[in-house]
Every structure is written in structure tokens, then in C-alpha cells.
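Structural overview
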Amino acid sequence: MVKKWASLSLLGLMVFASACSNNGGNNNAANTAEGNKTNNTAAETTETTEPAAEPEVAADPFGKYPELVEFTTIRPTMNNPKFPEGESYEENVFNKFMEEKLNAKPKFVWMAPQDGDAYKKKLDLSIGGNDIPDVFQIVGKNITEVQSTVKRLVEADMIEDLSTVYEQYASPAIKEAYASADNRGLDLYKVDGKLYGIPSQAGLENFNFVWVRDDWRKKLNLAEPKTIEDVEAIAKAFKEKDPAGNGTTVPMAMQMQTETDGLFGPGYIFDQFEAFPRLFYKDASDQVVYGGIQPQIKDSLKLIANFYKEGLIEKDFALKDTGQLQEVLASGRAGIVGQAWWGVWYPLFMTLQNAPDADWKPYAIPAKTNGKLNMGATNTSGSVMVVKKGFKYPELPMKWLNIVNENDDTEWWIKTTQEKYKDANEKATVWGGMTIIRTDDILNQAKDIVAAVNGEKDPATLPFKNNDAFQNIKKFIDELQTQPASKNVLQWQNTRSWYDAMGSAAKLESNIVYSAFDGQTPTMEKKLTALNELQMKAYHRIIMGKADADAEFDQFVADWKAQGGDDILKEINEALSK
């Protein structure tokens, strides 16, 4: 749902990393050989005259090829795609636009659905038969699987080293995007220091916000929360005053059945202590550790246990699944819940069906430990574009990507997606299919929208994709705040998500802790499910006060390590050292 709504909120933002380009052939071996031949001939003709050096042509990241370049490729597809009349993966307005801009055209050798293993299996067969296209995208179930395929191709000497291509042809915007994550995306596809692929890169947006029934908060004359202690005070007031009536108020709605910090979980509480219960990440000694067994987890659990003891959390929280928690929210009985910035679009708007005067408002709460907005994140790259060894135009994918990146949020591109592709279930028909944006892209968009709404920035300078959000927020703040949200849902949703959630997050310093490993090791495949169950059981016992928190947590850590956890950590560290 996160990805689904994020793509809607960004108006079909489709940045596709099938980038490419060329400097008229100056980088290929054939031209180099021909140049050497010319020099030798000149040397034989005269011993006194040096051949005139040809002027060096600067690489143009957006340079159009003088003659049409057709390149072979493959692509992952969706199952049962539906296109507008006259459109297809092969022939569509976006590929035609790219042909006009670059004078390059993809020629598809084959396609296969990305869901499941169809695409990967077909690609594996192509690699095994040494029959790969000129340029192609590698996808997988996780980043480790994608990296494994790249390494296989490198070891077989089947793909180009793109280090020089990237340095010479990547546009400033693309380089800036990767740099926003300290070039982590590029580093994933380096072998012996050489870059063998152009990776996708998504934005980081899933900060955990505290969503509060603000109509209740105002009714009880409570201050807006700035700390986790303020959140607790509001929850206590909700319990005492029972704004839902008849003793039905749920001060803190929370789901923690099988996941530690899922859709409605206590992620915002774990963040307070820099605790990341499902993340394998590197510690200060550069060794991979498991977040779920770190000491700061115990501090988080003790705070949640205190909330439980005070009656702020439902007694059966550990039994509720997502659907049951949604019922609590839709009923209008919940007062506080943890959710991402897009929560007001789904599922919090459902509250308005039974409580039309309800108003959910998000708050970004700085952490107790470092005063920052903490977030544990998986790698932002999920696929990569590679080039066949010996392909005449190794820069072609980079140039292609530069042009897409410069144009995919223009009015024409967005309106074409919204209007021409309105009834299509497949809107990403441009070849490539990879997103490359700054990891802080959503935060920066929100910052600019807030500035425009507040009169600190000229709205005319906002990109077209943000115009609707700006207009809706401006109208809500200037004219509609005193009206029930149910009468102006779209304006309310834009304001609470862009202006209040991400706008407030943009004012805080972020602390992003990245996953060091997102794949599967042999012991993970055999034992991780059981270890996760062990973890949830221990967490539940601590929260419910069924055991001493310190003793229970220490025993859990010992059991986790002995029952396979230590083996998993060893395998991960060994895999990363190769």
C-alpha cells in the first residue's frame, strides 16, 4: 500500500533507469583501433611530421545520435497488461518521445512477467547460453539476488565496466540523486572497485508518525505533542475523558500480532530509542548485528509495557490482525495510532464514514536518544541496468536515463499518463522501468510545497506534479479549516500528508539506518521464521507483564543466538566480506 499510494501521490512518477548514451562512438574499441592504425600509417610516411591530434569531443549526457541506433533488449512486464488503443510495450508515446530526443529505439528480444520467477528464469537461461541482449534490466526477489546475477555476468566477462560511462555521461541530477545516499546504490554493483550497472534508487518516505484525533485533542484543550511523554499524556486524557463515549475509547490503537512494527505497529516508539527490531545493520565496529536483540529494544518494550499497564493499549492487541485494527479505526473509537505520512489516504480516512467530524493529524516526534527522526530502511535499489560486453554504445542506457529523469515530471508526461493512460492498468510503458530519485525527494517536495503555501516561495516555481497538492492545501488552510474534514476530504488529505506530516519531518534532522543485508542465507531459509516467532512471543510477554522484562529479554537474546541467530550473523558477515 505504501508503494501504491506513493506512486499515486507523485502522479505516476516514473523514472526509468534504462539510461543510455553515446559520444558518437568515441568510447568504443573499434574507433580506438582505427585511430591507432591511422597513427601508425602517418609515422611510416614521415619521420619528422607528427599526426595532428583530433580535437577531443566533450561527452554530452543528452547528446542525440546522428543516426538511429536500434539496440536489443528485454523487459519485465506485468501480468495481463491493459493498454490504451494503439499503445504497447513496443510502441508507445513515451518510447517515441525518447526516440525523438535521443534517436535510439529498443528492439525487444523477449518479455516475461516480473511477478514470480518467469523473468529471472528466462534471463538465467539467456546468460547460461551466452545469449544476452545489448542492454537489459536485472530484477530479483531481493537485492542480494540481483547482485548475485551481476557478479555472475562479471565473472563470465559478459558485461561492460560502466565506471567511465557513469563519470562522463551521468547528468548532474543523476549524480546528485545517488550522492544523496552517499552513493550506496552505486556501491552495490561494484566489483573490484569497478561499476557494472546503473541501479534504480527510490526515495525514503516511511517515517513513523504519531497520528492523533486532533478534534478530541482540541476538545479536551490539550497541547500538541512534541515528545513521547506528551503523546502518553494525551492518551491518558483520552482514556479518562472517553471522547468516543460509553467507555469505548481506544486511547492507543496498536497492532503487533506477527510483526514488530507493521502497518499499525509501535514503530514510532522503537524509533524513540534508535531500535530497529527487524533490521540487520552494521554497528560501530562495521559488523552486522540484528536489531531485534539490541539493548535499546528492551527500553522500547518497557515503555510499551507501561502503556499497556496503564490501560492505554487494548488487552488483546497481540491478537488483532490488520483487518481488525482497521475496524477499530473506522469505528471512530481510536485516539492515537502509528502510521506513515500517507496514512490519511489509507486507512485513516475511513474514520470519517462513522465520525464525520473526526480530524486525524500527524506529528513527527524527535527521538529521546538523539533528538532526530530515526528510521530503519532497506536498500533503496531493487534493480539494475547492465550493458553487454562489446556493445558499440555502452553509454546509451545512461543517456536514456538522463533524458527520462529530465522529463518524467513535466506537464506533458504527467498529463499523458493521467489522461491517455487513464483506464490502463499498465502505465509504465517507457522502456527501462527503473526509478532514480534522491532518497530525500519526498521531504524536499514537501519542504517546497510548505514554503509556497506559507508565502516563502513563488508557487510558479513548483514542478507541475506538485500543483494539485499546493492548490488543495492552500484552499484548506485559507478557507476550509473550520469545516469538517468529511466535507473537504481531498483538501484535508493533502494538507495532513504533505503539509503536516512530511512538512514537519523536513524540519527535523533525519537519522537513516540502512539494512546491511536484505537477502537470504541458508540458515535464514531454515530457521528465520521460527526465530521471528520466538521474538514476537518474548516481546508480547514483556509488554503484557507476564515476565520480568530484563530476565525475559536476556533469555530471549540467548535463545535467539543459540537457535540459529549466531549462524545467520556469521553467514551474513561472510557473504559481505566476499
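Residues numbered from 1 in each chain as written. Predicted model: local features only at pLDDT ≥ 70, side-chain atom pairs only at ≥ 80, totals over all residues. Heavy atoms only, no water.

1. Details of the overall build of the protein
If you tally the helices and strands in the protein, you get 21 helices and 14 strands. When burial is assessed residue by residue, the protein has 52% of its 578 residues classed as buried. (Helix = DSSP H or I, 4+ residues; strand = E, 2+ residues; numbered from the N terminus. Buried < 20%, exposed > 50% of the residue type's maximum accessible area, 1.4 Å probe, protein only.)

2. Section: the confidence of the model for the protein
Per-residue pLDDT for the protein averages 90, and the proportion of residues at 70 or more is 90%. In the predicted structure, residues 1-49 sits below a pLDDT of 50 and forms 111 contacts with residues beyond four places in sequence or in another chain. (pLDDT = per-residue confidence, 0-100. Contact = heavy atoms within 4.5 Å.)

3. Quick look at helix H15 (residues 396-407)
Given a rise of 1.5 Å per residue, 12 residues ought to cover 16 Å, and the 17 Å separating the end C-alpha atoms of H15 matches this to within 8%. Burial analysis of H15 places 11 of its 12 residues in the buried class, the great majority of the element. (Expected span 1.5 Å × (residues − 1).)

4. Observations concerning the pattern of salt bridges
Counted by the stated rule, this structure contains 31 salt bridges. The closest approach of N and O atoms between Lys465 and Asp409, which form a salt bridge, is 3.6 Å. With Lys465 in the loop between helix H17 (441-453) and helix H18 (467-480) and Asp409 in the loop between H15 and helix H16 (411-420), this residue pair connects regions lying 56 residues apart in the sequence. Take Lys465: its relative accessible area is 8%, and that puts it in the buried class. For Asp409, a relative accessible area of 22% gives the class partly exposed. A single network of salt bridges, built from pairs that share partners, joins Asp214, Arg217, Glu224 and Lys361. (Salt bridge = Lys/Arg side-chain N within 4 Å of Asp/Glu carboxyl O.)

5. Some points on the pairing of strand S3 (residues 135-139)
With 5 of 5 residues buried, S3 is to be regarded as a mostly interior element. The side-chain alternation of S3 yields two buried faces, one formed by Val135, Gln137 and Val139 and the other by Phe136 and Ile138.

6. Quick word on the packing of aromatic side chains
To describe a pair of aromatic rings, one takes the distance between the centres and the angle between the planes. Under the counting rule described, the total for this entry stands at 23 aromatic pairs. Judged by centre distance (4.7 Å) and plane angle (35°), the ring pair of Phe94 and Trp413 falls under tilted. Placement of Phe94 in helix H3 (residues 93-102) and of Trp413 in helix H16 is noted, with a sequence separation of 319 residues between them. A relative accessible area of 1% means that Phe94 is categorised as buried. Given the relative accessible area of 0%, Trp413 is considered buried. (Phe/Tyr/Trp six-rings, centres within 6.5 Å; stacked < 30°, edge-to-face > 60°.)

7. Focus: helix H13 (residues 322-331)
Taken as a whole, H13 has its buried residues at Leu325, Gln326, Val328, Leu329 and Ala330. Contacts from the buried residues of H13 go to strand S10 (336-339), helix H14 (351-354) and strand S11 (360-363). If you check the start of H13, you find a side-chain oxygen 3.2 Å away from the backbone N of Gly323, and it comes from Asp321. One or two steps after H13, the chain reaches Gly332, where phi turns positive at roughly 85°. (Polar contact = N/O pair within 3.5 Å; in protein donor to acceptor, adjacent residues only side chain to side chain.)

8. Let's talk about the nonpolar core
If you look at the biggest cluster of nonpolar residues, it comprises 51 residues, and the most contacted ones within it are Met252, Phe280 and Ile336. Looking at this core, the elements that each hand over two or more residues are strand S7 (209-213), helix H10 (228-241), helix H11 (267-271), strand S9 (288-290), helix H12 (295-309), helix H20 (522-543) and helix H21 (549-577). Listed in part, the 47 residues of the second largest apolar core include Ala181, Phe264, Ala364 and Trp498. (Core = buried A, V, L, I, M, F, W, Y, C linked by side-chain atoms within 4.5 Å.)

9. Re the pairing of S11
Residues Trp360 and Pro362 of S11 are buried on one face, and the alternating residues Lys361 and Tyr363, pointing to the opposite face, are buried as well. As defined by bridge partners, S7 adjoins S11 across 4 bridges and the pair is classed as antiparallel. Of the residues in S11, the one forming a bridge with Val212 is Lys361. (Pairing = 2+ DSSP bridges.)

10. Overview of the sheet that holds S11
Across the sheet, 3 strands lie side by side as S10-S7-S11; this open sheet has antiparallel pairing. Pairing within the sheet leaves two strands with one partner each, and these edge strands are S10 and S11. Between one strand axis and the next, the sheet turns by 30° as a mean value, whatever way the strands run. Across the sheet, helix H19 (residues 489-505) touches S7 and S11, and the angle it forms with S11 is around 15°. (Axes fitted to C-alpha atoms, helices over the stretch in contact; angles between N-to-C directions.)

11. What about the sheet that holds S3?
In spatial order, the strands read S3-S13-S6; together these 3 strands make up an open sheet with antiparallel pairing. The sheet is open, and its two edges are formed by S3 and strand S6 (198-199), each paired on a single side. Relative to strand S13 (residues 383-387), S3 runs antiparallel, the two being bridged by 5 bridges. Among the inter-strand pairings, Gln137 is bridged to a residue of S13, identified as Met385. Where helix H5 (residues 143-155) meets the sheet, it contacts S3 and S13, and its direction lies at approximately 140° from that of S3.

12. Overview of the packing of H17 against H18
Between H17 and H18, whose axes approach to 10 Å, the crossing angle comes to 45°. If you check the angle between H17 and H18, you find them oblique. Handedness of the H17/H18 crossing: right-handed. Between H17 and H18, the contacting residues are Ile449, Ala452 and Val453 on the first element and Ala469, Phe470, Ile473, Lys474 and Ile477 on the second. A class-by-class count of the residues in the contact of H17 with H18 yields 7 nonpolar, no polar and 1 charged. (Parallel < 35°, antiparallel > 145°, perpendicular 65-115°, else oblique. Left-handed = near helix turned anticlockwise from the far one by under 90°. Nonpolar A, V, L, I, M, F, W, Y, C, P; charged D, E, K, R; others polar.)

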